[in-house]
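Each chain is listed here by its residues.
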Amino acid sequence: MVIKVKLKRDEKYVLLDHEVYESLNALPLFQEFKVFENLREHSSGVPVFQKYIETVNNKLKIETIYLAKYIAGKYIPRPQSGKRLFLNFINGDKLDLRLRNMKWEEMSKLSRARTTSVNKTGFRGVRKTPQEKYVAMISRSEEHTSELQSPCNLVCRLLLEKK
């Protein structure tokens, strides 16, 4: 069964597996801070809980719980990898925290699967300068400028130069 938890100050909902919701809701931390009643959407799109807590020497500290990472760390086994792992949302919805929608993956896999937005020129790494020239970033240290009036011509020229 799926549980819907409403985000604070928003008309969006977090989807959780019933078993996960019940086990988290039973934790003293979640009960004390009323985590499920105070979730909000982070600027990155994931549900987050934040609260100021007074420390021993009367200073304030922010307690932050990224719910997706918390759930994945507790319920989804991390595969053996020598590389750093990131949480992937299979259906792309960062508010869908059902276990079947999350898995740990390396950045290389996430990068390959990422859909990139097309810029105004239609080519990744190509931009138009204020002088009406096209510039292609080949690497961090190498940049090619074209007098041509088309980004397509610049990309074609660069591809031919590579051969």
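Residues numbered from 1 in each chain as written. Predicted model: local features only at pLDDT ≥ 70, side-chain atom pairs only at ≥ 80, totals over all residues. Heavy atoms only, no water.

1. Details of the pattern of salt bridges
Tallied over the full model, the rule gives four salt bridges. A salt bridge links lysine 6 to glutamate 11; the shortest N-O distance between them is 3.6 Å. Look at lysine 6 and you get partly exposed, because its relative accessible area is 36%. Residues lysine 12 and glutamate 41 are paired through a salt bridge, measuring 2.9 Å at the closest nitrogen-oxygen approach. Separated by 29 residues along the polypeptide, lysine 12 in the loop between strand S1 (2-6) and strand S2 (13-17) and glutamate 41 in strand S3 (residues 40-41) bring together distant segments of the chain. Looking at lysine 12, the relative accessible area reads 37%, which means it is partly exposed. On the basis of relative accessibility, which here comes to 26%, the residue glutamate 41 falls in the partly exposed class. (Salt bridge = Lys/Arg side-chain N within 4 Å of Asp/Glu carboxyl O. Buried < 20%, exposed > 50% of the residue type's maximum accessible area, 1.4 Å probe, protein only. Helix = DSSP H or I, 4+ residues; strand = E, 2+ residues; numbered from the N terminus.)

2. Details of a nonpolar patch on the surface
Judged by side-chain polarity, Tyr52, Leu60 and Ile62 come together as a nonpolar surface patch covering roughly 360 Å² of accessible area. Within the element layout of this structure, leucine 60 appears in strand S5 (residues 60-66). By relative accessible area, leucine 60 is classed as exposed at 61%. (Patch = residues over 30% accessible without salt bridge, like charges linked within 9 Å, V, L, I, M, F, W, Y side chains within 5 Å. Areas by Shrake-Rupley, 256 points an atom, 1.4 Å probe, with all protein chains shown as cover.)

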